[in-house]
Amino acid sequence: MSEALALNLLLFLPVIGGVLLLALPERRADLVRGLAMVVLLAQLALAAWLYLRFQAGVPGLQFETRLPWIPAWGVHYHIALDGLNLLLVLLTAFLGPLVVAGAFTSITKDVKLFHGMVMFIQFTMLGTFLAQDLFLFYVFWEAMLIPMFLMIGIWGGERRIYATLKFFLYTAFGSILMLAAIIYLAHTVLSADGTPSFAFADLYELGLGVQVQTLLLAAFALSFAIKVPMVPLHTWLPDAHVEAPTAGSVILAGVLLKMGTYGFLKLGFPLFPDAALLATPLIMTLAVISIIYGAGLALVQDDIKKIIAYSSVSHLGYVMLGLVTYNLLGVQGAIIQMVSHGLVAGGLFLMVGMIYERCHSRDLADYGGLAKLLPAYSVFFMILTLAAIGLPTTSGFTGEFLVLLGAFHAAWPQFEQGVSYPLVLASLAVLGIVLGALYMLRLARRLLFGEARAPVAGLRDLSLREMGILGVLVVAVFYIGLFPNDFLQKTEQAAMEYQERILAVRDGEVER
Amino acid sequence: MNGLLTLLVLLPLAGFLVNGLFGRRLGPAFVNIVGVGLPLAAFAVAVWAWRILEAGGGEPLIETVFTWALVGEHVFEVSFYLDRLSAVMALIVTGVGALIHIYSIGYMKGDESYARYFAYLNLFLFFMLLLVLGRSLLVLFVGWEGVGLASYLLIGFWFQDVDKARAGRKAFITNRVGDAGFLLGMFLIFTTVGTLEMDQINQAFAGGLIPVGIATAAGILLFIGATGKSAQIPLHVWLPDAMAGPTPVSALIHAATMVTAGIYLVARMSGVYLEAPAASTLIAVIGLLTAFLAATIALVQTDIKKVLAYSTISQLGFMFLALGVGAYAVAVFHLFTHAFFKAALFLGAGSVIHALNGEQDIRRMGGLAHRIPWTSGTFLVATAAIAGLPPLAGFFSKDEILWFALASGQGGSFWFWLLGSVTAFLTALYMFRLYWLVFLGRSRMAPEVAAHVHESPWPMTSVLVVLALFSVVAGWFALPQYLAPLLPAPDLRFAWPILHWGLIVFAVLVAVAGLVAAGVLYGDGGRRAEAIERRFARLYRVLAGKYFVDEIYERLLQRPWRWISDRVFLRLGDRILLDGSLHGLAALARRGAGVLVRIETGSLHWYAWMILLGLVAVLIWVWRYV
Amino acid sequence: MDDTTFLLALSGMLFALGLVGVIVRRNLLVTLMFLELMLNGVILSLVVFTQLLGAEAGAVLVLLVFVVAAAEIAIAVPILLLLVRAGHTLDPGAYAGLKG
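Since we're looking at a predicted model, the values are computed, not measured.

Some points on the overall build of chain B
The helix and strand tally for chain B stands at 25 helices and 2 strands. By principal-axis analysis of the C-alpha atoms, chain B measures approximately 120 × 65 × 55 Å. Long-range contacts, defined here as pairs at least 24 residues apart, represent 81% of the contacts in chain B between residues at least 6 apart. Per element, the accessible surface of chain B, about 24,400 Å² overall, is 69% carbon and sulfur. Within chain B, one finds 42 positive and 34 negative side-chain charges whose respective centroids are separated by 10 Å.

A word on the overall build of chain C
Secondary structure assignment for chain C yields 3 helices and 0 strands. Each helix and strand of chain C, ordered N terminal to C terminal, gives the series α-α-α. Rg of the C-alpha trace for chain C: 17 Å, well past the compact-globule value of 13 Å for 100 residues, more than 25% over. Overall, the C-alpha framework of chain C stretches about 50 × 25 × 25 Å when taken along its three principal axes. When each of the 100 residues of chain C is scored for burial, the buried share is 25%. The contacts in chain C between residues at least 6 apart in sequence include a share of 56% that link residues at least 24 apart.

Some details on the pattern of salt bridges
Tallied over the entire structure, the rule returns 27 salt bridges over all chains. The salt bridge involving A:Glu3 is made with A:Arg53; its shortest N-O contact spans 2.8 Å. On the criterion of sequence distance, the pair formed by A:Glu3 in helix H1 (residues 3–23) and A:Arg53 in helix H2 (residues 29–53) is long-range, its members being 50 residues apart. The exposure class assigned to A:Glu3 is buried, which follows from its relative accessible area of 18%. Put simply, B:Arg268 and B:Asp83 hold a salt bridge, and the shortest N to O gap is 2.9 Å. Of this pair, B:Arg268 sits in helix H10 (residues 261–268) while B:Asp83 sits in the loop between strand S2 (74–82) and helix H2 (84–107); the two residues are 185 residues apart in sequence, bridging distant segments of the chain. Note on accessibility: B:Arg268 and B:Asp83 belong to one class, buried. Through salt bridges that share partners, A:Arg159, A:Lys166, A:Asp239 and B:Asp579 make up one connected network.

Considerations on the interface of chain B and chain A
With 51 residues of chain B in contact, the opposing surface of chain A contributes 60 residues. With both chains or domains summed, chain B and chain A bury close to 5,000 Å², and 76% of this area falls on carbon and sulfur atoms. By the criterion of area lost to chain A, the three top residues of chain B are B:Trp68, B:Arg176 and B:Phe187, representing 15% of everything that side buries. Counting across the interface, chain B meets chain A through 2 salt bridges. Between A:Lys372 and B:Glu112 there is a salt bridge, and its shortest N-O distance comes to 3.6 Å.

Here's the deal with the interface of chain C and chain B
Chain C puts 11 residues into the contact, and the matching count from chain B is 9 residues. When the two sides are added together, the surface that chain C and chain B hide from each other amounts to roughly 870 Å², 66% of it contributed by carbon and sulfur. At the junction of chain C and chain B, the tally comes to 0 salt bridges. Run the count over chain C and chain B and you get 0 residue pairs in polar contact (both at pLDDT 80 or more). At 3 residues, helix H1 (residues 3–24) of chain C tops the list of elements feeding residues into the side of chain C that touches chain B. Here the residues of the side of chain C that touches chain B sort into 8 nonpolar, 1 polar and 2 charged.

Re the confidence of the model for chain C
Taken residue by residue, chain C gives an average pLDDT of 88. The fraction at 70 or more is 98%. Interface predicted TM-score (ipTM) for the complex: 0.91; the corresponding pTM is 0.89.

Re the pairing of strand S1 (residues 62–70) of chain A
Residue and element names in this part refer to chain A. Of the pairings in the sheet, the one linking S1 to strand S2 (residues 75–81) comprises 6 bridges and is antiparallel in character. Its bridge partner lying in S2, leucine 67 is registered against tyrosine 77. Count of turn residues in the S1/S2 antiparallel hairpin: 4 residues, of which glycine 74 carries a positive phi of about 75°.

Examining the side chain of A:Ser312
Residues and elements named next belong to chain A. Its place among the elements puts serine 312 in helix H13 (residues 304–323). What makes serine 312 buried here is its relative accessible area of 0%. Reaching out from serine 312, the side chain makes a polar contact with the side chain of histidine 341 at a distance of 3.0 Å. Other than its neighbours up to four places away in sequence, serine 312 contacts Leu237, Leu257, His341 and Ala345.

Focus on H1(C)
Its 22 residues give H1(C) an end-to-end C-alpha distance of 31 Å, which sits within 8% of 32 Å, the value for a rise of 1.5 Å per residue. Along H1(C), the residues that are buried comprise C:Ser11, C:Gly18, C:Gly21, C:Val22 and C:Ile23.

Focus on the environment of A:Gln211
With respect to the secondary-structure elements, A:Gln211 resides in helix H9 (residues 210–227). For the pair A:Gln211 and A:Asp274, spaced 63 residues apart in sequence, the C-alpha to C-alpha distance is 9.3 Å.

Section: a nonpolar patch on the surface
Residue and element names in this part refer to chain A. On the surface, Met1, Leu5, Leu9, Phe12, Val15, Ile16, Val19 and Leu20 cluster together into a nonpolar patch covering about 710 Å² of accessible area. With respect to the helices and strands, the residue leucine 9 is situated in helix H1. Exposure remark for leucine 9: the relative accessible area of 31% places this residue in the partly exposed category.

Focus: the environment of A:Ala387
Residues and elements named next belong to chain A. Counting through the fold element by element, alanine 387 comes out in helix H16 (residues 375–389). Given a relative accessible area of 2%, alanine 387 falls into the buried group. Sequence separation between alanine 387 and tyrosine 77 is 310 residues; the distance between their C-alpha atoms is 39 Å. Each residue touching alanine 387, except ones within four places of it in the same chain, is listed here: Val344, Thr394, Gly396 and Val477.

Focus: the domain arrangement of chain B
Interfaces are often sized by the accessible area lost when the parts come together. Residue and element names in this part refer to chain B. One can read the domain layout of chain B as domain 1 (1–135), domain 2 (141–275), domain 3 (279–544) and domain 4 (549–625). Taking the mean C-alpha position of each, domain 1 and domain 2 sit 19 Å from one another. Listed by partner, the interface residues are 33 residues for domain 1 and 33 residues for domain 2. Summed over both partners, the interface of domain 1 with domain 2 comes to about 2,900 Å²; 74% of that surface belongs to carbon and sulfur atoms. Three residues stand out in domain 1 for area buried against domain 2, namely Phe124, Leu131 and Arg135, and they jointly supply 24% of the buried area on that side.

Rules used in this analysis
Residues numbered from 1 in each chain as written. Chains lettered and ligands numbered in written order. Predicted model: local features only at pLDDT ≥ 70, side-chain atom pairs only at ≥ 80, totals over all residues. Heavy atoms only, no water. Helix = DSSP H or I, 4+ residues; strand = E, 2+ residues; numbered from the N terminus. Contact = heavy atoms within 4.5 Å. Areas by Shrake-Rupley, 256 points an atom, 1.4 Å probe, with all protein chains shown as cover. Lys, Arg positive; Asp, Glu negative; His and termini not counted. Charge placed at Lys NZ, Arg CZ, Asp CG, Glu CD. Rg over C-alpha atoms; globule rule 2.2 N^0.38 Å. Buried < 20%, exposed > 50% of the residue type's maximum accessible area, 1.4 Å probe, protein only. Salt bridge = Lys/Arg side-chain N within 4 Å of Asp/Glu carboxyl O. Buried area = accessible area lost by both parts, 1.4 Å probe. Polar contact = N/O pair within 3.5 Å; in protein donor to acceptor, adjacent residues only side chain to side chain. Nonpolar A, V, L, I, M, F, W, Y, C, P; charged D, E, K, R; others polar. pLDDT = per-residue confidence, 0-100. Pairing = 2+ DSSP bridges. Expected span 1.5 Å × (residues − 1). Patch = residues over 30% accessible without salt bridge, like charges linked within 9 Å, V, L, I, M, F, W, Y side chains within 5 Å. Domains from an automatic or database assignment.

Listed below in structure tokens is the structure:
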């Protein structure tokens, strides 16, 4: 099978699976789950195969498919893999089966619809990452909202309606501004034969004026920043996470948030390099604020899910910091941190789900000494906690180390000419590792250590299924922590192109 | 012999995995074989590697294992490096480590988490070896954080006690603050030198290519990391609390090995510090201050382990003093001797606690010398060693430190020597105070405790004997000369041998004076000491309160941060400002809609009128503008 | 005045009469009847213009309007019937269910 065909299959497999799902009888929930697992595992296999076939060091896109879709508007169905979306696609495919496996016992009503939603989300998320045409990208970006909205709204907790409306409206608001910007862009681009074009390749070569760029970047950035989420646009996240069902939280934290950072990486900054350079101090400041503010908020929560939600704000601050360093260290670190956070936060949410299934409480005050009651659970929880803290040998360290080093590296030249604001920011970001340890270890201590206490007696430790899910996650976390080089080699070319596109403007190689 | 260093590092890791996964099921005998056998094997490998090193004339052995990351032109490799300095460290770590593993067989017998204990201990050994054998700062940092993790797990080993769990967390966080400084130092070096391989860094700095300001900044930042790990002011607060862990852990991690990582780091990066006199002076000052203040606190502690904890902090301060005046090899020498007698002291304390069924308060001890002779004898030897009585180990190493504190051409000063000597006096004083109150005089034990006093089992006492033996002879190894090719002694300000001999005599007198003073003050069960305590009650309270550093941190750092996070970030920021504006917008939309909805009256009549009006308006508009 | 003017005026008056009736009368059935009157006024004017301009399209349009009017009555009257069966009155003021 050719790789391009495999890529299309990868994208549409969930759709096929979803349709097949609908044909199954509702009362045979086991069949529904089984089919979903099979489909998503097949998707994972495809993704893994494509990852192995991906060639490092080759510039541009690989495994492309480009078919005209709406010729009059210059819209194409254009998907491909490159270093930027490769790992995110792999992450999405990896988390899919884990999400379904995790939901085996917790989702019991409307099982068919639920799994259909999961399929739909996989489809839209992969589409967003794979799209190389702006129109296509936007369609997938918006489409993702629907299944997420339903997932939170139907299977969520008590305040689910509030949470899902907040999530939907907040995100949609940003997207509308982005739509306006997209329409403007499409009209400005003229490809070789004089028709408007939405292809990324054409958009990169635009050469717009700085003012225009700034406005457009603002529109795009608003939408992406809400998704990341960056402070101060983050308040939808804690509510969404707390009220969402476990599977929803895992998908949200694992993949959805990365769509925002991916948007910056693939579109926001490279499309508007002059504006990006101007905006760098602002974004850097917001990133560091996110790191510290998120850490502070996580420290004073008593709802376990809220703690992890705010930790996401903090961790993704590192990603944003890495993206604006415009050097390989920071950018590669940001990419790794994206993947690492997806695994670690996803894992932590899965674990919260497991304990919630048993005890129906997310309140930290209800728990204590779980290391005694649930030893296997505690081991995995401790490992994921350490990964979240960024302990060396875990993926969290790889990401944070490279990002911080990159930030320092980028800030240093300015320091040699006098006081450097970026250096101050970089130093504050390093302080973030202390704050991160503070709230995570507080969580660990309250949950696992001290006097044994739980809302329900006779707790069962992890089942084989649960151990399998967590085991796979932990192995991935350590693998990226110990042997990240294989991943780094594959993403390096695209990271370099990103860097060059933006720095070319600064170093005067391109006339604007 | 390629792969030897890698093998050395991996042996304890294997022990961790095997005991961690299967130990519980396979029983204590199996755990012993794996958990103790592998460290012993590691020691054997370390000796073997050392012999290869010596056979090659001290030429460093380098093993590159794999490339961790290749980012652009930046290469991050995992490689191991064995020279005389790391060989000494590795031998201490595996040697003393193995001994403490043996001791633990006796001490932890019957504990329900026996396998977990040995697994964690092996994990620690793995990370510590990474730390001392790593060629680059990155590998060292992996080991650095890893031992912090092991320490966290072992301090909070009996985690069902909330205080113990809290102590573990405190250690980790305090270390982390130091680690932040370490990271910044690493970044600075990487950005200016271009590599993290320590041997290459030293060469770059020695070559004079790097400006002094950078060397100073890097030196200070790395030292911040060292203060965290080696419990110096201001990051020393975790060590006394770390005594919550099992006593062998205190001996291994918080006396002989992990806390010495900071010393090792500075010694290893001597190339940087030689070019940064300001940073070196800072190290010397902080080291000396820490040594002195910790000694004063040790004087009034009543928990046997806490006395030893503060003693460790104090001795580490001495080592930093040596580092600060350029006497790197001497600092390592003291590290070497200290490992033996401090481990002996801690394990001896463990033996006492074991004998007294958990009692740790020295006010409820006394008269134990005859009842637990082996413990008492070894403890006495170790006490004499730390006090600096010749010809025991501590005398040699401490004396060298004091000499260089005075005479070193790289920062030596009379005041360093003076305060150092005062601290040495205090050291002898509080150590012999400890010995007297615990082992001599009348028994102040509770009757039930006194009845069951028994000597410890052979795994424990044999180790005590071995360590005591080394506490005697360790000083006779001429370590500074051995390390001289790597870490030359600093030039002297004045090289009068007679001054040196005079100092030695003075030091011995100081030690004896401490011994005598201890006898006077505490010989009668501490009554004279208590009288003095009452006279200087306020001073006593400050000392007993450890200068209230913990309380200051709580007030100045922890509470404000929590307050800001709660009041400013959460309530003001998130709830009032951010969500508030959101909800405000929503309310606005709702109110607007409420106004507009009045058009929908539900009355057909009204609708008809509206249609008519609209139609008329459109017609007029068309008439006028089209 | 000639025939064209007279017929157009007639159609305009029919329309106006119908409009007034729709607005003024407070009886649903009668309102419907006046609505028909308006439609007939429009149809008349369409016929006049078709004859005047000779456009066949006009004739088609007339037939179209007839059919639409008939269909509209066929649907509106049963709706009215059901409404009145529930509400028991022909006064439009009683039916404000679409309010807000």
